[in-house]
Amino acid sequence: MAVAYAVPPEPGLDEIIARYPLVSPFVILKTDVQRRGVRYTAAAQAAVDPSLHQVLYQGFSIEKQDQNPMSLILRDGTSILISEGPNRRPPYVVDVVDGKTVLTDQGRVIEEVEYWHKPAYYDQTTTSGKPMWTVAAARPQRIDFNPYQYCQFWTNGQGCKYCNIAANFNQNKDQKPAFLDLEDIAETARVALGQPGRFTSVFLTGGSLLSGAELLDDEVDLYIRVLQAIGRSLNPEKFPSQLIATAFNERQLARLYEQTGLSSYTADIEVLNEDLFGWICPGKAKKIGYREWKRRLVAAVDIFGPGNVNTGIVGGVELAQPRGFPSEADALKATLEEAEDLASQGVSTVYCVWNVAPGSVFQDQLSPSLDYYVQLAVGLDALRRKYNLSIDMDNYRRCGNHPDSDLSRVWQPVAGTL
Amino acid sequence: MASRLPPEILTLLEAPDTVKALGTVGPDGVPHVTYKGSLRADGAGNLVFAELIEASTTNRNLTWSIWFRKPVTITLLAADRRSFQIHGLPVKAHVSGPLFEKCYRDLRARLGDVDVSTVWVVEPTGWADETPAVRLAAAERDHPLLKHVDRFVKTSE
């Protein structure tokens, strides 16, 4: 049965690629696939080998136990974190054509893709009996731990409006503990990180933990314990790692830096506008505040060093209605101005394509145009070039979910290296 | 369009004493040449090599090439001075997966404590024999006017 997609007409992939001849067509494609989602044909599903490909994923925001591929990777190494959920736009279709797995759009082959390969630890079990894939999830070059799988901003209904963490947790809480076991984490890390060539980064994130002697102290304590447990398997004091957490104060940041091997820090501000921050992220606004969030990001640069601190935004959520910007031009200008304020103080901004998540307050909204996302990626990459900011900590092969840092692959912040 | 390499080039690619140079160009248009000892032909007729350094100019330029279908060149110089140039297009960057991990293990076994960024695959689009003797003979044959006249002066009555 044909599905009617209720979206206004907008330029398609080919037109946008032609409009931006100096922007990687792979990155534009990735962005559009994330924006529109995918579905798999029977042939594409038959091409999945669960002994080789990653199909399972358990994290604080994603729960996946079907046999479809977890995600895709393009020929240039660009990862695509795909969504198979409902989408108001027609999805791309993954198919098999002439023996190759390809992305198609309306029957036309667009580009060859590969399914993500499964890390070896995925088939192993901890001493306590937990499948290791439920302790840590994987991306092509990154291992992910979500030590706390709920978010306390949702306890009082103050969670972020695009977020489905609470809905995901509540749907799966019979099988999903709020906290991961520390020994399970340490054991999984020891097994997983020993796979030669598999991982370039250890990644931690989870929901906010507001409790403690001082606001967020329990969250800081949790991450310190987890990082120390992971660090038991690793030699150097600092190892390639990233934490996305709530915006901690200087005392908390210093503890994190001094007591663990953590090498980079991210506190996602989600939307770069004070009024919209208050509307979209009411809990963060009430407990910490927009200006204080920014101030703490800048303070983190003094502790972790330039190039080791960034913030993430949910790209496009600034256009959510009825209180978002009235036009994409207005949203882009305001977002890049705020991102420049941060960049000038050593804080990089990266974005994720807003995947309008079922179960979120914003589930009936529509994400912006592909043109908007390309301009946002180009704009954020340009700011890093202007302020000589490295994005090694969050580049294409670590998170792989930021079109703007994908674009940063072809330049280096340090001049004069041949 | 893909070009199948002749057996002579495939043999040179396998020879341990062949010098293999990779020429790339990036967004700034500045040519960049490095030596790629790991460069080999794979079973599909493509050229495969490892780039160890993620942030190298070569890696950036190859990324630029695969994004915008910009050609690269590979020059081979054999111990006996035979030389070939191969033109090609980067078609695949393995940054993870079984092939990448095998290459990672092999290179570390051979080179010690090194990292590996990417296993690149280049599809040949053409090749030319650049051996000096061959090029000189071709120039004499095909461009008889492109010579200095003193070479025509009689040396004896």
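## Examining the sheet that holds strand β4 (residues 72-74) of chain A
All names here are of chain A.
Alright, step 1. The strand order β1-β6-β7-β8-β4-β5 describes an open sheet built from six strands, whose pairing is mixed. The outermost strands of the open sheet, each flanked by one partner alone, are β1 (38-40) and β5 (79-80).
Alright, step 2. With three bridges connecting them, β4 and strand β8 (residues 108-115) associate as antiparallel partners. Each residue of the ladder has a partner; that of L72, found in β8, is Y115.

## Re the pairing of strand β6 (residues 83-94) of chain B
Residues and elements named next belong to chain B.
Alright, step 1. Counting buried positions along β6 yields ten of twelve residues, so the element is predominantly enclosed.
Alright, step 2. Here strand β5 (residues 72-77) pairs with β6 via six bridges, running antiparallel. Counted as the bridge partner of T75 is Q85 from β6.
Alright, step 3. Hairpin remark: β5 followed by β6, antiparallel, with five residues in the connecting loop; positive phi at R81, about 80 degrees.
Alright, step 4. Of the pairings in the sheet, the one linking β6 to strand β7 (residues 118-129) comprises ten bridges and is antiparallel in character. Across the sheet, residue L89 finds its bridge partner in β7, namely E123.

## A word on the interface of chain B and chain A
Alright, step 1. Listed as interface residues are 25 residues of chain B and, on the opposing side, 30 residues of chain A.
Alright, step 2. Together, the buried faces of chain B and chain A total about 2,300 Å²; carbon and sulfur atoms form 58% of this surface.
Alright, step 3. When the buried surface of chain B facing chain A is broken down by residue, R60(B), W67(B) and V95(B) rank first, second and third, together holding 30% of it.
Alright, step 4. Taking the shortest distance from any N to any O, the salt bridge between R397(A) and E54(B) comes out at 2.5 Å.
Alright, step 5. Linking chain B to chain A there are eleven residue pairs in polar contact (both at pLDDT 80 or more).
Alright, step 6. Elements with a minimum of two residues in the side of chain B that touches chain A: α2 (57-68), β6 and α3 (98-111) of chain B.
Alright, step 7. Here the residues of the side of chain B that touches chain A are counted per class, giving 13 nonpolar, seven polar and five charged.

## Focus: the nonpolar core
Alright, step 1. Ranked by internal contacts, the top residues of the largest apolar core, which has 149 residues, are L103(A), F145(A), Y162(A), F248(A), L256(A) and Y265(A).
Alright, step 2. When residues no more than four places from it in sequence are discounted, the contact partners of F248(A) are L216(A), E219(A), V220(A), Y223(A), L243(A), L253(A), L256(A), Y265(A) and R296(A).
Alright, step 3. Ranked by size, the runner-up nonpolar core spans ten residues in total, among them A50(B), V91(B), F100(B) and V116(B).

## Concerning unusual backbone geometry
All names here are of chain A.
Alright, step 1. Of the consecutive residues Q321 and P322, the connecting peptide bond is found in the cis state with omega at 20 degrees.
Alright, step 2. Structurally, P322 can be placed in the loop between β14 (309-315) and α11 (328-343).
Alright, step 3. You will see that N388, though not glycine, has its phi angle at about 55 degrees, which is positive.
Alright, step 4. By the element assignment, N388 lies in the loop between α12 (370-386) and α13 (403-407).
Alright, step 5. For N388, a relative accessible area of 46% corresponds to the partly exposed category.

## Things to note about the pattern of salt bridges
Residue and element names in this part refer to chain A.
Alright, step 1. Counted according to the given criterion, the structure contains 43 salt bridges over all chains.
Alright, step 2. Here D184 and K130 are joined by a salt bridge, their closest N and O atoms 2.8 Å apart. With D184 in helix α5 (residues 182-193) and K130 in the loop between β8 and β9 (137-139), this pair connects stretches of sequence that are 54 residues apart.
Alright, step 3. A relative accessible area of 2% means that D184 is categorised as buried.
Alright, step 4. Residue classification places K130 among the partly exposed residues on the basis of a relative accessible area of 32%.

Reading the values: the criteria
Residues numbered from 1 in each chain as written. Chains lettered and ligands numbered in written order. Predicted model: local features only at pLDDT ≥ 70, side-chain atom pairs only at ≥ 80, totals over all residues. Heavy atoms only, no water. Pairing = 2+ DSSP bridges. Helix = DSSP H or I, 4+ residues; strand = E, 2+ residues; numbered from the N terminus. Buried < 20%, exposed > 50% of the residue type's maximum accessible area, 1.4 Å probe, protein only. Contact = heavy atoms within 4.5 Å. Buried area = accessible area lost by both parts, 1.4 Å probe. Salt bridge = Lys/Arg side-chain N within 4 Å of Asp/Glu carboxyl O. Polar contact = N/O pair within 3.5 Å; in protein donor to acceptor, adjacent residues only side chain to side chain. Nonpolar A, V, L, I, M, F, W, Y, C, P; charged D, E, K, R; others polar. Core = buried A, V, L, I, M, F, W, Y, C linked by side-chain atoms within 4.5 Å.

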